[in-house]
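Topology and contacts: notes
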2 protein chains.
Amino acid sequence: MTSDTPEGSSPGFRPLYRQVKQILVNRLRDGTWRPGVLIPSEVQIAADLGVSQGTVRKALDEMRGENLLISQQGRGTFVARHDEARILFQFFKIIPKIGPPVFPESELRGVSTGTANAQEQRALRLKAGDPVIRIARLRSLAGRLTISEYLSVPAGIFPGLGADIRVENNLYDLYASRYGITVSRSEERITAVGLPSEDATLLGLATGTPVLAIDRIAIALDGQPVEWRRSLCSTADCAYVSELR
Amino acid sequence: MTSDTPEGSSPGFRPLYRQVKQILVNRLRDGTWRPGVLIPSEVQIAADLGVSQGTVRKALDEMRGENLLISQQGRGTFVARHDEARILFQFFKIIPKIGPPVFPESELRGVSTGTANAQEQRALRLKAGDPVIRIARLRSLAGRLTISEYLSVPAGIFPGLGADIRVENNLYDLYASRYGITVSRSEERITAVGLPSEDATLLGLATGTPVLAIDRIAIALDGQPVEWRRSLCSTADCAYVSELR
DNA sequence: CAGTGGTCTAGACCACGTC
DNA sequence: ACGTGGTCTAGACCACTGT
């Protein structure tokens, strides 16, 4: 490993452990290490890259902090999966007002294709005319219809998604396992709106009922937005939780 | 004496750096190190406690991650203040739909005292009859009335708060500087409701307008809830942002 | 038992801010 | 020049999981 980086002049200092981290993240991006697999031990990686174990450890520490890896003392380090219980609620912050958190069931309403509208162009960094796949579905919490959801993804990076989606519930697990796209973080903007009549009919609620409008942009490992979704969520029996620290 | 570590279970093994961290956190709790001051250098702390610099570093790393400390290369490590720009938005997640984030102005409506109702007893872990201080205020974002806010604190830990509050805007800074209470994290539950007529009048909006109801419990360094607040927030010009990672 | 991650140490050098 | 935090190394031992 070359420790001198002829990058720039003034800001061109990159710690070795960040270079190591970038190498390891790339192994996740390009599918060398797929979700769930056991990666080499710290000493092994250190030897391969010609750095000390402590440097590898610091890179792994950051990746654990970003929920990309999971380590277990005595066993090894594994690539995080999006279908594990502890990961499920990383991106699903809606919990019942009474009782424990539950993961929602999904009912697919429709899949269509089209070209990116203004909103999709902005959220997904697409150009006019770029193809998108749109999905509409309803989600239930503990058996009660609660969420009407609309989402759009670039057709370019999810070829043939429509066919796969029929029985899927956890989309991010599908993105990772079938398309090699790992959603690493997302940003949500929440407003309060009156429920449109169309969604009111679907959810069995009165038109104009105050609901949460949750607009999410999901970001992949490489920083590219890969999904835009808008969820209209009734908060009669549940609430959106946010921990600030 | 292990008092309030949420992880201490069967093995009774506590890493040295966590013990060091606990010692340092206690210096924040008891006011030995007050907000804004420069704390001793890593080597100094290590020598004082009889551990290596690396162990102190790991304790400081966690505290930096919890926004309790701020380090600057070449200068030293400082106790975080709640009035710094980068901290302000740690607990204020409402930003304008267009334009950069701005911190809101506050207009005090009233301060009163009473005994904890059922909701306050649950949120603040109080008993029936425990005294509380209640504050009502309006908040504006970029000059536009946006939020009607109600908050309650235990009178026991904030004696005489009512007198101080007149011109305060950033309450958490006041809690820290005047009462030695550092809010380290908080939990918010968000629902959508129709704006009550009273608040509608105050905000100059129509009764029943869909708004966000943001219920927050603020937690101090020792894990005790120290404030409960409910904010009714119009999202005509702004949105609640939440980053999931 | 061997192998893994987790902790702890001691010392070296680097980048930065201050004197 | 000096002291600070930041990085990197090498080696030791501890705690845990498998065989």
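Going by the structure above, here's the rest.
Figured I'd write up the structure that's included with this text.

Rules behind the numbers
Residues numbered from 1 in each chain as written. Chains lettered and ligands numbered in written order. Predicted model: local features only at pLDDT ≥ 70, side-chain atom pairs only at ≥ 80, totals over all residues. Heavy atoms only, no water. Helix = DSSP H or I, 4+ residues; strand = E, 2+ residues; numbered from the N terminus. Buried < 20%, exposed > 50% of the residue type's maximum accessible area, 1.4 Å probe, protein only. Lys, Arg positive; Asp, Glu negative; His and termini not counted. Charge placed at Lys NZ, Arg CZ, Asp CG, Glu CD. Least-squares fit on C-alpha atoms with pLDDT ≥ 70 in both. Contact = heavy atoms within 4.5 Å. Near = heavy atom within 4 Å. Polar contact = N/O pair within 3.5 Å; in protein donor to acceptor, adjacent residues only side chain to side chain. Nonpolar A, V, L, I, M, F, W, Y, C, P; charged D, E, K, R; others polar. Axes fitted to C-alpha atoms, helices over the stretch in contact; angles between N-to-C directions. Left-handed = near helix turned anticlockwise from the far one by under 90°. Pairing = 2+ DSSP bridges. Buried area = accessible area lost by both parts, 1.4 Å probe. Salt bridge = Lys/Arg side-chain N within 4 Å of Asp/Glu carboxyl O. Expected span 1.5 Å × (residues − 1). Arc of directions from axis to C-beta.

Summing up its helical and strand segments, chain A has eight helices and eleven strands in all. In chain A, buried positions account for 44% of the 245 residues. Placing the 30 positive and 27 negative side-chain charges of chain A at their respective mean positions leaves the two points 2 Å apart.

Expressed as a screw transformation, the operator carrying chain A onto chain B has a rotation angle of 180 degrees and an axial translation of 0.0 Å, and the superposed copies differ by an RMSD of 0.1 Å. Both chain copies can therefore be described as sitting about a two-fold axis. Among all residues of chain A, the one whose C-alpha sits closest to the rotation axis is Pro210(A), at a distance of 2.5 Å. When the interface residues of chain A are mapped onto chain B, 100% of them are again interface residues, pointing to one common binding face.

Time to look at the protein's contact with DNA strand D. Close to DNA strand D lie 21 residues; Leu16(A), Thr55(A), Lys58(A), Gln73(A) and Glu42(B) are nearest. In DNA strand D, the atoms that sit within 4 Å of the protein are 75% sugar and phosphate, with bases accounting for the remainder. Glu42(B) is positioned with one of its backbone polar atoms (N or O) 3.0 Å from a phosphate oxygen of DNA strand D. Between Gly74(B) and DNA strand D, the recorded distance is 3.0 Å, taken from a backbone N or O atom to a base nitrogen. Broken down by secondary-structure element, the contributors of at least two residues to the surface near DNA strand D are α1 (16-29) and α3 (53-65) of chain A together with α3 (53-65), β2 (69-72) and β3 (76-79) of chain B. Within the surface near DNA strand D, the residues separate by chemical class into five nonpolar, eleven polar and five charged.

Residues and elements named next belong to chain B. Two elements in contact, helix α2 (residues 42-49) and α3, have axes separated by 8 Å at closest approach and are oriented at 115 degrees. The handedness of the crossing between α2 and α3 is right-handed. Between α2 and α3, the contacting residues are Glu42, Val43, Ile45 and Ala46 on the first element and Gln53, Val56, Arg57, Leu60 and Arg64 on the second. Of the residues belonging to the contact of α2 with α3, the class tally is five nonpolar, one polar and three charged.

Glancing now at the sheet that holds strand β7 (residues 144-154) of chain B. Strand order in this open sheet of eight strands is β4(A)-β11(A)-β8(B)-β9(B)-β10(B)-β7(B)-β6(B)-β5(B), and the pairing throughout is antiparallel. Each edge of the sheet is formed by a strand with only one pairing partner; in this case those strands are β4 (94-96) of chain A together with β5 (105-115) of chain B. The sheet shows a mean angle of 25 degrees between the axes of neighbouring strands, direction not considered. As defined by bridge partners, β4(A) adjoins strand β11 (residues 238-244) of chain A across three bridges and the pair is classed as antiparallel. Following the sheet pairing, Ile94(A) is matched in β11(A) by Tyr240(A). Against the sheet, helix α7 (residues 171-179) of chain B makes contact with β6 (131-141), β7, β8 (183-194), β9 (210-220) and β10 (225-233) of chain B, and its axis sits at roughly 165 degrees relative to β10(B), the strand it touches most.

On to the protein's contact with DNA strand C, then. Every one of the 20 residues lining DNA strand C counts as a neighbour, but Glu42(A), Leu16(B), Ser52(B), Thr55(B) and Gln73(B) are closest to it. Considering DNA strand C, the proportion of its atoms within 4 Å of the protein that are sugar or phosphate atoms stands at 76%. For DNA strand C, a base nitrogen lies 3.2 Å from a polar atom in the side chain of Arg57(A). Measuring from a base nitrogen of DNA strand C, one finds a side-chain N or O atom of Gln73(B) at 2.8 Å. For the surface near DNA strand C, the elements supplying multiple residues, two or more each, are α3, β2 (69-72) and β3 (76-79) of chain A together with α1 (16-29) and α3 of chain B. Residue composition of the surface near DNA strand C, by class: four nonpolar, eleven polar and five charged.

Listed per partner, the contact involves 31 residues of chain A and 31 residues of chain B. For the pair chain A and chain B, the two sides together bury roughly 2500 Å², of which 56% comes from carbon and sulfur. Contact with chain B buries area across many residues of chain A, yet Arg189(A), Leu244(A) and Arg245(A) alone supply 26% of it, more than any other trio. Here chain A is connected to chain B by two salt bridges. A salt bridge links Arg185(A) to Glu243(B); the nearest nitrogen and oxygen atoms lie 3.2 Å apart. Remark: the boundary between chain A and chain B carries 16 residue pairs in polar contact (both at pLDDT 80 or more). Looking at the side of chain A that touches chain B, the element that brings in the most residues is strand β8 (residues 183-194) of chain A, giving eleven residues. Grouping the constituent residues of the side of chain A that touches chain B by class yields 14 nonpolar, eight polar and nine charged. Examined bridge by bridge, β11(A) and β8(B) share five bridges and lie antiparallel to one another. The partner of Ser242(A) across the bridge, within β8(B), is Glu188(B).

A few words now on α1(A). All names here are of chain A. The end-to-end C-alpha separation of α1 is 20 Å, in line with the 20 Å expected for 14 residues at 1.5 Å each. If you follow the buried residues of α1, they end up packed against α2 (42-49), α3 and β3. One or two positions beyond α1, positive phi appears at Gly31, with a value near 85 degrees.

All names here are of chain B. Burial in α1 covers these residues: Tyr17, Val20, Lys21, Leu24, Val25 and Leu28. With its buried residues spanning 135 degrees around the axis, α1 presents them on a single face. Summarising the contacts, the buried residues of α1 are in contact with α2, α3 and β3.

Next up on the list: the side chain of Ser148(B). All names here are of chain B. Examined against the element boundaries, Ser148 turns out to sit in strand β7. A relative accessible area of 0% places Ser148 in the buried class. At 2.8 Å, the side chain of Ser148 forms a polar contact with the side chain of Asp199. Among residues more than four places away in sequence, those in contact with Ser148 are Arg137, Leu138, Asp199, Leu202, Leu203, Arg230, Ser231 and Leu232.

The next point concerns unusual backbone geometry. One non-glycine residue with positive phi stands out, namely Asn67(A), at about 60 degrees. Inspection of the secondary structure puts Asn67(A) in the loop between α3 and β2.

With that out of the way, let us pick up the sheet that holds strand β1 (residues 38-39) of chain A. Residue and element names in this part refer to chain A. Spatial strand order, β1-β3-β2: three strands in an open sheet with antiparallel pairing. This sheet does not close on itself; its edge strands, each paired only once, are β1 and β2. Relative to β3, β1 runs antiparallel, the two being bridged by two bridges. Residue pairing for β3: Leu38 is matched across the bridge by Phe78. Its contacts with the sheet place α3 against β1, β2 and β3, and it is angled at close to 115 degrees to β2.

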